[in-house]
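# Structural characterization, general
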Amino acid sequence: MSVRNLDAGTRCIESRADLAINASHVIRAVQQAEADGFDGVFVTDMDMCGVEASRQLVSIPVIGGYRASAYTAMMLSQRFAILTIANADDMQREHARMFGIDNNLATVLPLPLGCI
């Protein structure tokens with residue numbers, strides 16, 4: 001297992017603009033991981049930044065943070081909550097609807113925190 005950070009883009013995803021800006025950098029990093037011989041990639045970002053597009057371009061598995069975290073939470077309890085940074089709560093709710101698990105999402109609580 002190895003951890004790699006993006007070398008370009010915004011520090012975190014606080015908006016759809018950040019999502020669009022960072023997606024190409026995530027895709028490039030996933031392609032590099034495949035070229036370097038990695039067996040798979042876990043993108044820790046909860047907003048699925050570049051995950052779906054990366055899956056179309058590489059032959060290794062690419063897992064996004066939201067789906068893996070939400071489904072793990074649902075194995076532990078029927079409903080779960082998400083604590084997120086300010087301005088990202090609508091994107092988190094949108095993901096729950098997209099994955100058909102919005103009935104399992106109790107709440108999304110945006111905290112008054114910025115990027116670290």
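Residues numbered from 1 in each chain as written. Predicted model: local features only at pLDDT ≥ 70, side-chain atom pairs only at ≥ 80, totals over all residues. Heavy atoms only, no water.

As a further point, take the overall build of the protein chain. A count of helical and extended segments in the protein chain gives four helices and four strands. On C-alpha atoms alone, the protein chain measures out to a radius of gyration of 15 Å, which is about the 13 Å that the 2.2 N^0.38 rule sets for 116 residues. Here the protein chain holds 116 residues, and 34% of them are scored as buried. A fraction of 56% describes how many contacts in the protein chain between residues 6 or more apart in sequence connect residues 24 or more apart. In the protein chain, 9 positive and 13 negative side-chain charges are present, and the distance between their average locations comes to 4 Å. (Helix = DSSP H or I, 4+ residues; strand = E, 2+ residues; numbered from the N terminus. Rg over C-alpha atoms; globule rule 2.2 N^0.38 Å. Buried < 20%, exposed > 50% of the residue type's maximum accessible area, 1.4 Å probe, protein only. Contact = heavy atoms within 4.5 Å. Lys, Arg positive; Asp, Glu negative; His and termini not counted. Charge placed at Lys NZ, Arg CZ, Asp CG, Glu CD.)

In this structure, Val 30, Val 43, Tyr 66, Ile 101 and Leu 105 are the most contacted members of the largest nonpolar core, which totals 26 residues. The leading source of residues in this core is helix α1 (residues 16-35), at four residues. Setting aside anything within four residues of it in sequence, one finds Leu 105 in contact with Tyr 66, Arg 79, Phe 80, Ala 81, Ile 82, Arg 93 and Ala 96. (Core = buried A, V, L, I, M, F, W, Y, C linked by side-chain atoms within 4.5 Å.)

Here we come to the layout of surface pockets. The space that makes up the largest pocket amounts to roughly 1,400 Å³. Arg 4, Asn 5, Val 43, Thr 44 and Asp 45 are the residues nearest the centre of the largest pocket, which is lined by 43 residues in total. A per-element tally of the lining of the largest pocket places α1 first, with eight residues. Residues of the lining of the largest pocket, tallied by class, amount to 24 nonpolar, twelve polar and seven charged. (1 Å grid on protein atoms, 1.4 Å probe; cavity = no way out; pocket = protein on both sides within 12 Å on 5 of 7 lines; lining within 4 Å. Points joined across faces, edges and corners; volume = space filled by probe spheres on them. Nonpolar A, V, L, I, M, F, W, Y, C, P; charged D, E, K, R; others polar.)

A word on the environment of Asn 103. One can find Asn 103 in the loop between α4 (89-98) and β4 (105-111). With 28 residues separating them along the chain, Asn 103 and Met 75 place their C-alpha atoms 14 Å apart.

Counting through the fold element by element, Asp 45 comes out in the loop between β1 (41-43) and α2 (51-57). Between the alpha carbons of Asp 45 and Thr 84 there is a distance of 11 Å; along the sequence they are 39 residues apart. Contact partners of Asp 45, with chain neighbours within four places excluded, come to Ile 13, Leu 19, Gly 65 and Tyr 66.

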